[in-house]
Each structure stands twice: as structure tokens, then as C-alpha cells.
Amino acid sequence: MDTQKESSADTERATERGIVHVWQAGSVPVNPEKLSGLGGRTVLHASLGIGHGVLLTSGGEVFSFGKQPWKENLQQTTCKVPELEKALQGQHVINVAAGSFHSGAVTGSGMVYMWGENTAGQCAVTNCPSIPEPTAITITDQDTTPPRWVRIMQLSCGEEHTLALSNTREIWAWGTGCQLGLITSAFPVTKPQRVEHLAGRVVLQVVCGAFHSLALVQCPVAQEPKPVPERCNHCRELLITMTEKEDHVIISDAHCCPLGVMLAESQPEPQAIQPILNSGEKNPTKGHNPCSSETQEEHERVFSELHSSSETELGTDAVSICESGVCLNNDVPRTPLNSGMDEHETKSTLSNGSFVPNITQEPVKKPEELRNCHLNPATTTTASSLNSLVVSCASAVSVKVAATCEAGALSLKKVMHFYSGSLGESGTQPAMGSSVHDGLRDSREEQVKLESMQGKKSSSLVDIREEEAEAGNRRLSLPGLLSQVSPRLLRKVGRAKMRTVALTPTSSGEADLLLPSLKTEVWSWGRGKEGQLGHGDVLPRLQPLCVRSMDGKEVVKLAAGSHHSLALTAKSQVYSWGSNVSGQLGPMQSPTTMPRLTKVCKDDGVWNIAAGQEHSLFLVHRKEDFQPAVYYSGPHTADDPSGPNVSPSLGLLTECSKLGYVCSISTGTGSCLALVDQNLMGYIGNLHELAATERHFYCNLSDVKSQLLRPLLGLDNLGSMSTLQLLQDVATKFSKLCYLIGQHGASLSNFLCGVKDARSLSILEHSNLFLDCYTEYFTSLSNFIVMGGFSLLSKPAMDFLGKNHELLQSFCEMKGENIPLLETLNSIFFSPLSRLHEYARLLLKLGMCFEVSSIEYKKLQDCSSNYESLAVILSRKKKEAECTLSFWKTFPGKMTDSLRKPDRRLICESSNRGLTLQNASRFSVNWFILFNDALVHAQFSTHHIFPLSTVWVEPLSEEVIGFNGLKITTPEEQLTLTASTSQEKNKWLRAISQAVDQALKCVTEQLPPIHRQEPPMSRSAKYKFYKDPRLRDATYEGRWLSGKPHGKGVLSWPDGRIYTGNFRNGLEDGYGEYIIPNKTFKNNDRYVGQWKEGKMCGHGTYWYANGEVYEGSFLDNMRHGHGLLRRGKLTSFSPSMFIGQWVMDKKTGYGVFDDITRGEKFMGMWQDDLRQGSGLVVTQFGLYYEGAFNLNKMMGTGVLLSEDDTVYEGEFSDDWTLNGKGMLTMSNGDCIEGVFIGEWGSGIKVSGTYLKPTVYDGEKEGAKTLKLGRLSVPADEKWKAIFEECWRQLGCDTPEQGDVQKAWDNIAVALTTNRRQKQDSPEPLSRSHTQTLESLELIPQLVGPFTMEKYEKIKMYLINACETPMHQLGRLVETLVAVYRMTYVGVGANRRLLQEAVGEIKSYLKRIFQLVRFLFPDLPEEGSLIHPSVPTKESPDKCHIYNGKTDSAPESPEPGYVVTSPGLLLPVLLPRMYPPLFMLYALEHEKEEDAYWECILRLNKQPDTALLSFLGVQDKFWPTTNSFLGKSHKVLSSTKDSCFASAVECLQQISTTFTPSDKLKVIQQTFEEITQEVQGALKEEYLWSMDDLFPVFLYVVLRARIRNLGSEVHLIEDLMDPYLQHGELGIMFTTLKACYYQIQHEKIH
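On a predicted model such as this, the values are computed, not experimentally measured, just so you know.

Engineer: Mind showing me how you'd approach the overall build of the protein here?
Structural biologist: Helix and strand counts for the protein stand at 36 helices and 66 strands. Counting every position in the protein, which comprises 1645 residues, the buried fraction comes to 52%. Pairs at least 24 residues apart make up 57% of the contacts formed inside the protein by residues separated by at least 6 positions. Accessible area for the protein stands at about 74,700 Å²; split by element, carbon and sulfur atoms hold 52% of it.

So, in C-alpha cells, the structure goes:
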């Protein structure tokens, strides 16, 4: 092969592709002339009209040549040299079309340009008879808002109309005539309109004849059939009638509606209306005679009358519309058909008269005529009464019953005999004789269809949308159907039954989106006087109507001449119909109104067609060298000057074959055109070889499918059910492959007509489609072969195949005599394997046409390797299947039969005793069989199957154990095997490893296959346990490691238990979910949380079937540690809540129990689910008890307080029951001391002394108040389990006893694990949470002396750690906050509990500080002083208070420099606990705050000056002016709330802070604001004395109006750092406290 570089031949390429040759149609001899003047441009597409043509080049340019009278300078001349259409320069044109006298072009953007004759509006321009230059027309969809511009992809032009196909696969039409398919009578149509009748369908191609139109439409997806109405929509009469005669039943749907257009075949007699139009000639001739203007007006008037009076939804016929001035009469003569196979349709004659039926007059029916009934065997019965009757009689036969129209009905028996061959019925001629071919069968079907359709008028008056709904199950019956069948014959026929088999893929998935569809329909409309519409009549159609006889023919291309039509199928067959005056339909001798199969040449390798005015062109691939040959069908005119000699014939144009590789043909009225490629470097020739062989291959596959598979599957008894399923699966995959090959063949035909870029080859671009389809088919076929193949078929099926052995051999690639039947069948079905080698060879040849460094070469080379690799793999699969089948035959028996599976393949077996079990007895039998999915160990009559996905194999060292050993590990067993030799050991080791590795890849081979040295130890697999007592019959699916579940997985038991989560060494370990069905409550128990060694251990949540929920710690499947148990809901019988410590599934230790039903809350110690020890109870009625509990009762010494402050202190024997010595103190101070017996609130017996306190006993009450809390649980004893759990998580068994480095390691592990679990959850981490976790990855380094900077680092780390529950400290704080809120909200919001709450917080601080010091050992002890590294400068505005001492140095360090637990931890803890704590302060100090607030309200009624005077503020401190919005205003006597406004506003912020330190800073800032304002008024620095400061500060406090100032003061007093009490902040706080008490006791005079 010449190695000339293709990439460097741009100039030469321009002359080797798309060369235009033109010759006169029918000339003898043919003399193709090269069209010059294109400047070496490559022509991609050409289209010819009557006298002109248009050319489209690869650069998107358009050239015109020939007679173009619409151009100003070419009105009288012929342009022989193509002329560039300059108006289209700059527009990249992708499609051109030529009509009779006009042209069109489509650009890449979807814009349409038209030019030429416009007398009929065919150029979509108004009031302009001709368009000289290409003019853009706009197509808009007016149904959308706003109107949408429609993009066009293909254009076709007729004589007076133009059709355009949009990107959304809709047809748009303009021009004149019924060929537009529009519901209109106003012509011309100059504004493009959508053909609504095909809206919603996928149109693949549009073609225009002179006065008719064709569309190739993709079949709609099969839907549920709509029921056919039983009554007329207008008159409500039955559409179907049944008349019983003597021995037969007449079924008729010849309903004639008196209110609308007739549905029956009969027409009314022309009584009242005379013929309107007359024709000048009786028989139509070739050519077109346009109607006069008067005739056109009459046409429109008649149409409008019909349209206005018709009640039908969509009428697609116009019986009264004339063609060429001739209207069709109802009485069309018909010629009956003989029984011969070569009968043809006689041409219908036209009457010279016309009539318009009177719709309002009662029609007179003709005598009944017998009609044909076509029943589709693959359809289901609709709701139609006619279908119900006919199908019930004849559907079992699955035949198409036909009857003639006038010569009488053929007998049903004769029709059955006629079709018996194709149906394979017993007792009749077999469907597959040695001489039967698909063409013969097609011709038989064709003849019956022609007989049934002979004389058929329009079926389009019936609602066509009902036919669309029945796309999947149409009955090919005609309106006006009349069936007359003997009941005896129907009963006889009903005995025969056939299986309906659908071998056409219902959905090809991705292939239908990427390749041309073969599931197509042909639709036609327009004038039909020559039968060019293909509906079996010569009537016109105003709207598209489906040509039913072309259903299932897999049409891929259409062509339309002036009065005839052509259709090309995927099997390279051509169907033609219409006028045949000049032999344009092919070898047939007469015209036909129905599509007829045309035999173009011997092998029927047609791949392109073109139709002219009276002739046709066919492009055929020659079988010997795959070079295209052009066939011509039509009149031949000899070069004799004496005159034309018309001789219709079909012949080969040998002169065209000499031009080169013809890639496209086109023809018009008198000229033909061919685009020719030169085969430089063999590239073009290789492409044609690929396309021709692919179409031939499809024809072979299609013949096998139709002549072998379909009849075979139609037999009654094929064998067992499993055999039938396997065979059907093979047939399904075969059909899918066949369909894909057909699509590819059509794609290659289109490819040859285009740019021919190798990178866009479907077999290259979408190679995965082909590789997957071939793999699926051969996998299915191998499975069938493994189970026995065709030998499994029943004897009738084998007899059926044997009788047709000669036909099978014609399909077989193996040529020879006496080839066994099974070998023949195997050869037929394995034949696609050779096609893969052909793909590889042809792609490699194509690649050699390019440079080695080019992208095309690399892609073609890689794809060729892929196809060759797949062929090798599939050959290996075939050998494996044959080897496995041989094994099953060699070792028959029950055991091997039980192991036999379609997808199971033998790899090796140890029948030669090459592998045995170690330490097996001498007489034992240990047979090991390795399959592709399992390792089988057989012993005598038993065997066990080990799935390969859970098999681990490793060699044993011969030096250690002394023999050639292998160790096999499975989830429940370990086997040690002994090999006879080291070679045998290596063989089995390699075989098992590769088999396991392949099984883990889910059986599918990779391209190229990857083989690891050994399969991974960690893998994902599914296994059912059979031996382990705990897991018996359970199924595990998930990750494994060396025979044990390890990692994530799902374990499910037959009783419904399911565990989903992590495993470790075969046991549940880590985070997981466990579901246990509970039959008693008919609900599930559910646990979600941590596991350890197969048991619930750690934190988790358990939802019980009875509605209880436990959230907390577990140990050994029991509640152990801190946890919360919710029982019932607020609406249930006894809702309650317990949070506290659990030991071995029982409440033991400190806990809080909230009895919601009784309104009581217990806070104390528990023992074995009983209250035992110190405790405290508060109720919703204000009762308070603290003391001892025993056996769940108040028993022992205790203190009880009521809401009115009555106190009892003494002995108790039961809940709220006094029994023994005690003292009862009234709220007024009176007390009774003695013996008390009785229940509180129900009457108490008292025996004792009544005491009345004196004036000097005032201190006793205070002393008794201080006793609260001494009998309750100490704060440090509360929630010990929470802190112990935190210490354990840090790696310390006891507090402060552990390794700090280990603690930090545990923190890192917890953060990483929790973060990974959160990533797997559906809720992702927030951005702030992620940033917090990232900040925790860096541990503060505390090297060197401890400074303030290190202290701040620790503080910041603690703040971040407590922000996330993933950290141990964060988890601790979150739990403490939860228990604190649960304790002190609701019933727990009791003022008696304030000291308990405060003490609990202080205990938290102490114990958390202990944890922090363990993690940061360099942190000083509490109270230690930290010296700042840089001395701080004093603010000039800082308030200084003179306290009488000469030394102004502070008595204590600055705040923040002393290490304290409140200073370090309160900023983290207190904001979360603030709401319940502050509520307790407010309740405790409610009375005194009411008095304070009353005084605040009274004093704030005074103006500023009056209030300052009343409080005794010196005049020099009174502000004289105040600033508001930047302006200064004088303080008047009536001014209010303006003095010291900044200080007031500052003090009000105390309610927005949480910690005492923050509140003290607010107080300090308030003093500074006061000082700043006073210094501004005095214009000098001033040192405050308390006597001067207190009145001013009192004024600020009054004006601040802080509602709960008392609670704020007491909170600061209880929780502030002790070292601050004696410094300046302490003095300031004391001042605020004094102001608070002063306001309470202030009196206004």
C-alpha cells in the first residue's frame, strides 16, 4: 500500500472527494461528464430539479447550475458552469434541496433560505412570483409565548410546496396543495405552518414528490391500547353489528352516521348535486396539468363545504377533492386476483365526472361486500366488539385471513393452507423448505396484503389518533369490514395454537439515541391519482396517513419522483409504488398502489436510491470488489437524431462504475448526477468494504432470525421450561445484536454520503455499544451450550430442524457434506465471532491510511485491538463452555446435576488425585472441582460448595511442613490440601488465585484483562453462614479480611434481625445499627451506636418496641454508664424520663427521675432501679423534700418545705408520710416540736410542744434556712459516671492516672473517626464546623516558661474543643449541659434548688479544670499568678476611686492574670447553662425584685434635674448640655432620660452577658462613661470619692431600668472570682449592689 501521508494532501484531497458527474437521464450510451468550475471544492450534497441543480460543498458554500429563469441575467440561457450563490456567503450551509423550479438551503444555525419560482408560495414570500436571490425566511412557533424561533435541519422541495424538518423532529410546510398536510383551504400558504397531524412523533426524513409528500417516522413507544368506542360519537348507534344466519355469523362495522361523514364503504348516490368539474382526459398521463383559476376556486369552495359540514375530528381524505382537474368517482372498477404468485394490481381508472355527497341526506347503501381481516399474531385484544368477536374466533390460528372483494371470499381452510408454511403447523408443509427464501415469503405476504387491500378506499375517515394508540397491536382491517365465517371452521381452527414470540427489541436503549432507528413507519399525503401514496387506492390525502403495508420493513430512506415513490430498507431491499408508465418502479410491468418489492439486482445490495420524474436510480455495492454500481430504471433514449425511442428497462450503468467510488446519486427531470470519490491510499475502498460487508452480515442475521429462530420458538413443545428460557434468552440477545448490526449498516450508508471523517465512525466512536452487545450475546449462547445446547430440544423441534437441514447449511459458514446438525447450528450461532475479526482487520486497514503519529491512526489502532481482544476472549469463552459441557457428560450423576448451572464453567478438577485433603484416610474420597464461581469439595455422596468470592488460598512452605501444601480459608472452615507434585501445587494455586480474582471482578472480562499476582486479602463479598451457631443461616454482605467480616457490611438473619455497620475480625465492632423484630408489640427494637467484640459497647441509642428510648452508654449489650431513658409520651399512660448512671442494665448511682404524670422530680441516689440513699424531690405544687430514701421510699431523716415556707424537719416512713420525731416551723416563725404521724396534706397527728418565737430569736430562721442541701447529694458526687466516661475515653482508668501522650492520641483518633462517620452521613459538615475541626488538629505547644500567650492558646483550644461533640471535652460539656437543663427545667425550676444549681456548676468547673490540667500539665494550679510578658498601659479614661489610702497600687492582680477555673471555663460552660440558672435566681429573689421594680417605675417618672436633686447629686456634676444626633442641646428642667445617657446605655448591656467577668466589665465601662462625661463637664481630671460617685451611679442605675438587677447581682456574687472581691472591680460591684438595696428601700416624699 502506498504510504503517502494523508494529512499533507489537502489540495489533492479536494480533487479526490465529491467529484460531480452529470449525464442525461435515459441516454444510450451513458456519457457522464465532469462538472467543472468548482475550483477543486469537495461536493457533499447535490439536488436536481426540472432544469437546474444546487450543490453543497464541504466548506458550506452553495453553487447553482442549469436553467434559472428567476435570475435576472439567466432568464433565457442555461448556466453550464456552477455559479456561487453569493447571498449565502458567510453562512455555513448544511443542507440544500431543489424543487421543480425553486431551491432552498439550511444553515448550521437552523435558518432557511429560499429562492426561485414563487407562484404557488413555495418560497414562503408573499406577492412575489419569483425570488432571484436566496432570501431568509423565518419559521416561528406561534403556540409558545413568546413565539419561538424554529431551527431547521433538513429541507425538501416539490413542484409547488416545500417541507422542512426541525431540530425537534417536527414538519413545517408552505406552498400550495393538499401535499402540504395542513388543515386549510386558503392557498398559497406563505407563512410556514406545522403539520399538526405528526406533532409528537419523531420524524426522521421528509421527501417531496411533485405533488405528494413522504415522511419517515420513528415508531412510537408501545403504550396501553385505548379502547375502541362501541357507539358512534354523534348518533350513538352501534358501530359494529352482528347478524346470525343459518350456519354462519356476519360481523360488520359498516356504520353510516347520518350526522357526520360516513364511516362505511358505501357512498350515497349523486342525486341532488351535479358534477362540478370535468376533466379533459379520461386516463391520466405523465406530467402535470395545472388547474385553471376557476377550477381552483371550485376546489376551495367544495372543500370548505365539506369541512364545515363534517363532524369528524381529523379527516385525512377528501373524496370530493380533484387532482389535476379530475375528481374521483366512487365506482372504481376492480379486477379480481388469481391464486398465482405473480399477479399484479390493475391500474385504477378514473371517471370523467365528479360529485359531492350530500351530507344531510340519508345515504343509500350498496350491497354488502366481503372484506379482509388481518390479525396481527403479536397483538393483544382491544376493547372493540369487533376485535372481541373476530379474535375469539381466529386469534388462535395467528393467521391473516384474507378475502377478495368481488370474486367472493377465499375459504378459511385455503388461507390456512396458504400460510401454513410460514407458521410451521403440524400436518402442513414446513415453514423452512430447502428452497424457501425470505423473498418468497415476503412475496406471499405481499400478495395477500395486496389482495386484501385491492379496491380499498380511504381508511382515514376513522379517527386516526385511535390508530396511533393501537400502534403496538393494530389489526390491519379496513373500515366497512364484513366477515363471513363458518362456525364449524372457526371451531376447527381454534384447536391450533402457536406461541407468539417478539424478536424485535422493544427498546434498544443507548443505541437508538446514537444510531439510526430501524423501527420506522412510512407516512404519505398529497395527490394519489397514480397510487404514489401507497394506500392501495388513488385517492388524495389532505393529512399524513401511515402506509401500513410498510410496517416492520425497517425502512431507512425514502425517495419521491413526480408520480412514484421508493423506500430503501436496512436489508438493502427496495419497495416501489405509484406510476410505472416509463418503468420507473423497476422490473414490474404495471403500476401499483401498494408498495411492491423491487428486484434491482441479484444480490439486492442497494444502499442508496434516487427518484426522478419518470425514472429511478439505485446505488449498489458489487459483491466482488465492493465498488458502487449505479442501476437505472426508466425510459432509454437512443442517440438517433430521427427521434426518441422510449424503451423502459432496468439496467446497470457500467460507465458510472469507471468513474470511481460513487458515494451519492441524485436525479431530476432530464438529468442524473453522481458524486464520486477516488480511492487514494485505499481509504475510500476500505470504507465501502466495511459498509457492504456489514449490510450483508445483517441480512444473514436477519434471515436466521426470521427463518430459523422465529419458527423454532413458535413450536408448541420445545423441551423443559429451563431449556425454553435459555433458548429465549439466546434469541433475545441475538435479536438485539441483529438490530444493532442493522443500525450500524444504515449508519455506514449515511457515513459514505457525508464528510467521511474516520473519527466519527460509529464503530469507533461508540465501540462500547458493540463490545457490550457481542459480549452479552456470546455469554447467553455459552450458557445455552453449557446446559446441553440444541440437543436439549424436544424431538419435534429436532425433527423440525432436521427437515430444514439444507437451509441451515446455507446459513452455515462451514461448507461440506454430512456435517452433523448440532455442529451446523453451533456454527450458525457462533458466526458473529468471525465478524469481530473482520472489524479488527478493516479498522487496521483504515488506520494504515493515516500517519502513525496522527490521532486517527491511534484511535483506529486501539479500537482494532479492542475488537481483536474481545474476539480472543469470546473464543476462550466458547472453549470453556465446550470443556464444561464435556465434563458434565463425562461425570453424570445427581451430584454433578445439582452443580450444573448455565453460567458455571469448569477450570480444573482433581479426579487424577493430584490434590487431596491432608490426613485423609486411605479409603476416603476427596474430589476437588474448581469452577469459575465456586470450589467444590465432594466426599462420597456429600459435597460442599465454597463460593470463590470468600475463598482465600495461600501456599504452605514445603521446608516447614514437609509436603506440597495449600491452605484454603473460608468463613467457617480451613482446609489443608496436599498436592502430588510441586507442579500440581503451583497449577492449583495459580488456578484458584485467578478464579478468585476473576470472581471478584463480577465475571465481566476487562479489556485488556488484568491479572494480579494474587487476589486481595481484603475484599467485598456476600456469604450465607451454615455452621456458626451464632450466625447460622445468616447472610453477610460487605467487606472481608482473610475469611472474616472486617469493615463495613450488612448481616441479616432469617428471623428478621439485621445489623448494618462495621465489623472487626468477624465480630460487630465500631459504629452500627441493629434491628430486632418484636412479635409481642408488632414492632422492631432498634439500636444505633457503638459495638465492641460483637456486643453493644459504648455510646448508643436504643429504640424499644414498646416506645421507650434509651440514649447513653452500653457495656456487653446492657445499659451501663450514663444514660437517658424516655418512657412514653406526654399523651401516654405514664410518661417519665430518667437520666443518670446505670450499672448492668439497672439504675445505680446518681440520677434524676422526672415523673411527668405525678409532676414530681427526684434528684438523688439509686440502687438496683430503686431510690436508695440521699435524695431530693420537688413537685409542681411547690413541695420540696430532701433527705434519706430506702427501698424507693422517703424513709429516714428528711426536710420538707411547702410553698408557703412551712418547714418540717424530722423522720419519714413513706413518700410524704411523717412518722416520728420532728419539728414543724410555720412561715410566721411559730414551731411545733414533737412526734408527727400522717401523710402531708391529708391530716397529721401531732404530739408535742408549740413554741412562739420572741423578738430575740430572729436568727433561728436564718440558721434553719442554711440547712437546705446538707441532706441532699453533694455536688461532687453528682454525674460521676459522665466524668469517668470522659477519663476512660482519654485512656485513664482513674482520674489523673494515665499517659498524657496516649490521651492526645485518643483525642486524634476520636476526631478522625467521628469526622469520617459524619462524611458518610447524608448531612455534611458545615463550613464553621469543618474550620473548628481543622483548628483542633494543632495541639498547643507549651515549651518554656508559662506566659499569658500560652494561657490564651489553651483558652482558645478549649473554646474550639467544646464547640464540637467529636472531641472528648466537647462531648463532656454537651452531656453536662443536657443533664443540667433536664434537672433544672420544668418541675425542677424551683427556687429552693438555686444553691444546688450553683453548687453543681462550681463542681463542674473544678472537675473539668482537673481534666484540662491533665491534658496541659504546664498549666499552673488554681489561684496561681501569671505575669504578663508585656506590661499593659493604663487607659486615660479609666475610673479611679479614692478609698482613703495613700498607696494607689491595686490590692490584687489585674483580672485574667490569675489562673482560676471560672475564668478559664465559665466562658465555655455558662452560656449554655444560663437560661435555667437565671430562672432560678429570678424565682428566688422575686419578692425583693418586685419591690425594686416598683420603686424604679416611680422614680423614673421624674425629670432628670428633679431626680438628680432628689438623689443628692452635687450641682457641679449635673450635665448642662447633651448631644443628640451630633447636635448639642441644653438640659432643661423638663428634660428626661438625657443625662448620662451613654452610661445608662452601657449599663443596660449587663443583661446581654453571661459570665460574671463579662458583667463586671460592663460595670467598669459604665463607671468610665460616667467619669468621661463628668470630666468633660468639669474640664479637668477628677478623682472620685464614694460620697460623690454613689449618687451619680444610683441615677444611672435608676435610668437603666434593668428588670432583674437583683438576679444579676446575686449571680455575680455567687460565681465571681474570689480575688476580684477586694480590688477596684470589687468596689464597683459593691457600689452596684448598694444601689440595688438603696432603691428597694428608697422612699419618695
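Read on, since the account is not over.
Engineer: Help me understand the packing of aromatic side chains, please; the structure alone is not making it clear to me.
Structural biologist: Here a ring pair, both rings aromatic, is described through the centre-centre distance and the interplanar angle of the planes. Tallying each qualifying case throughout the model produces 57 aromatic pairs. Centroid distance Tyr1492 to Trp1493: 6.5 Å. Interplanar angle 50 degrees. Geometry classified as tilted. Relative accessible area serves as the criterion here: at 0%, Tyr1492 is assigned to the buried category. Its guanidinium or amino end placed over the ring of Phe931, Arg904 lies 5.4 Å from that ring's centre, counting from NZ or CZ. The ring of Phe1138 carries the charged tip of Lys1147 above its face, separated from the ring centre by 5.5 Å.

Engineer: Hey, could you run me through the pattern of salt bridges in this one?
Structural biologist: Side chains carrying opposite charge are able to pair once their charged atoms draw close together. Counting across every chain of the model gives 57 salt bridges. The shortest N-O distance in the salt bridge between Glu1209 and Arg1270 comes to 2.3 Å. With Glu1209 in strand 59 (residues 1207-1214) and Arg1270 in the loop between helix 22 (1258-1265) and helix 23 (1280-1289), this residue pair connects regions lying 61 residues apart in the sequence. On the basis of relative accessible area, Arg1270 is assigned to the partly exposed category, the value being 48%.

Engineer: Explain the sheet that holds strand 16 (residues 171-175) to me, please; I cannot follow it from the model alone.
Structural biologist: The strands that make up a sheet pair up through hydrogen bonds in the backbone, lying either parallel or antiparallel. Strand order in the open sheet made by the four strands is 14-15-16-17, with antiparallel pairing throughout. The sheet terminates laterally at strand 14 (152-157) and strand 17 (189-194), the two strands that pair on one side only. Put simply, the sheet's adjacent strands are angled 20 degrees from each other on average, direction ignored. Here strand 14 runs beside strand 15 (residues 161-166); their pairing, made up of five bridges, is antiparallel. In the strand pairing of strand 15, Ser156 is matched with Leu163.

Engineer: Is there a simple way to explain the nonpolar core in this structure?
Structural biologist: Within soluble globular proteins, side chains that are nonpolar generally end up buried alongside one another. Leu712, Tyr774, Leu801, Phe829, Leu836 and Tyr867 are the most contacted members of the largest nonpolar core, which has 112 residues in total. Here Tyr774 is in contact with Phe697, Leu737, Ile741, Pro832, Arg835, Leu836, Tyr839, Leu870 and Leu874, once residues within four sequence places are set aside. Counting residues in hydrophobic clusters, the runner-up holds 78 residues, among them Leu1290, Met1366, Leu1376 and Tyr1474.

Engineer: Could you clarify how one ought to interpret the pairing of strand 55 (residues 1160-1167) in this entry?
Structural biologist: Regular strands place their side chains on alternate faces of the sheet. Here strand 55 lies mainly inside the structure; six of its eight residues are buried. Bridge analysis of strand 54 (residues 1146-1155) against strand 55 gives seven bridges, and the strand direction is antiparallel. Each residue of the ladder has a partner; that of Gly1149, found in strand 55, is Trp1166. The pairing of strand 55 with strand 56 (residues 1170-1179) spans seven bridges and is antiparallel. Each residue of the ladder has a partner; that of Trp1166, found in strand 56, is Arg1171. The hairpin turn running from strand 55 into strand 56, its antiparallel successor, is two residues long, and Asp1168 in that turn takes a positive phi close to 55 degrees.

Engineer: Explain helix 25 (residues 1327-1336) here, please?
Structural biologist: One full turn of an α-helix is made of 3.6 residues, so residues set three or four places apart face in the same direction. For helix 25, the set of buried residues is His1329, Thr1332, Leu1333 and Leu1336. Down the axis of helix 25, the smallest arc covering the buried residues is 95 degrees, so these residues share one side.

Engineer: Looking at this structure, how should I read the pairing of strand 62 (residues 1245-1251)?
Structural biologist: Direction of pairing for strand 61 (residues 1231-1239) relative to strand 62: antiparallel, over a ladder of seven bridges. From the neighbouring strand, Cys1231 faces strand 62, where its bridge partner is Leu1251. Joining the antiparallel neighbours strand 61 and strand 62 is a turn of five residues, in which Gly1241 adopts a positive phi near 90 degrees.

Criteria and thresholds
Residues numbered from 1 in each chain as written. Predicted model: local features only at pLDDT ≥ 70, side-chain atom pairs only at ≥ 80, totals over all residues. Heavy atoms only, no water. Helix = DSSP H or I, 4+ residues; strand = E, 2+ residues; numbered from the N terminus. Buried < 20%, exposed > 50% of the residue type's maximum accessible area, 1.4 Å probe, protein only. Contact = heavy atoms within 4.5 Å. Areas by Shrake-Rupley, 256 points an atom, 1.4 Å probe, with all protein chains shown as cover. Phe/Tyr/Trp six-rings, centres within 6.5 Å; stacked < 30°, edge-to-face > 60°. Lys NZ or Arg CZ within 6 Å of the ring centre and 35° of its normal. Salt bridge = Lys/Arg side-chain N within 4 Å of Asp/Glu carboxyl O. Pairing = 2+ DSSP bridges. Axes fitted to C-alpha atoms, helices over the stretch in contact; angles between N-to-C directions. Core = buried A, V, L, I, M, F, W, Y, C linked by side-chain atoms within 4.5 Å. Arc of directions from axis to C-beta.

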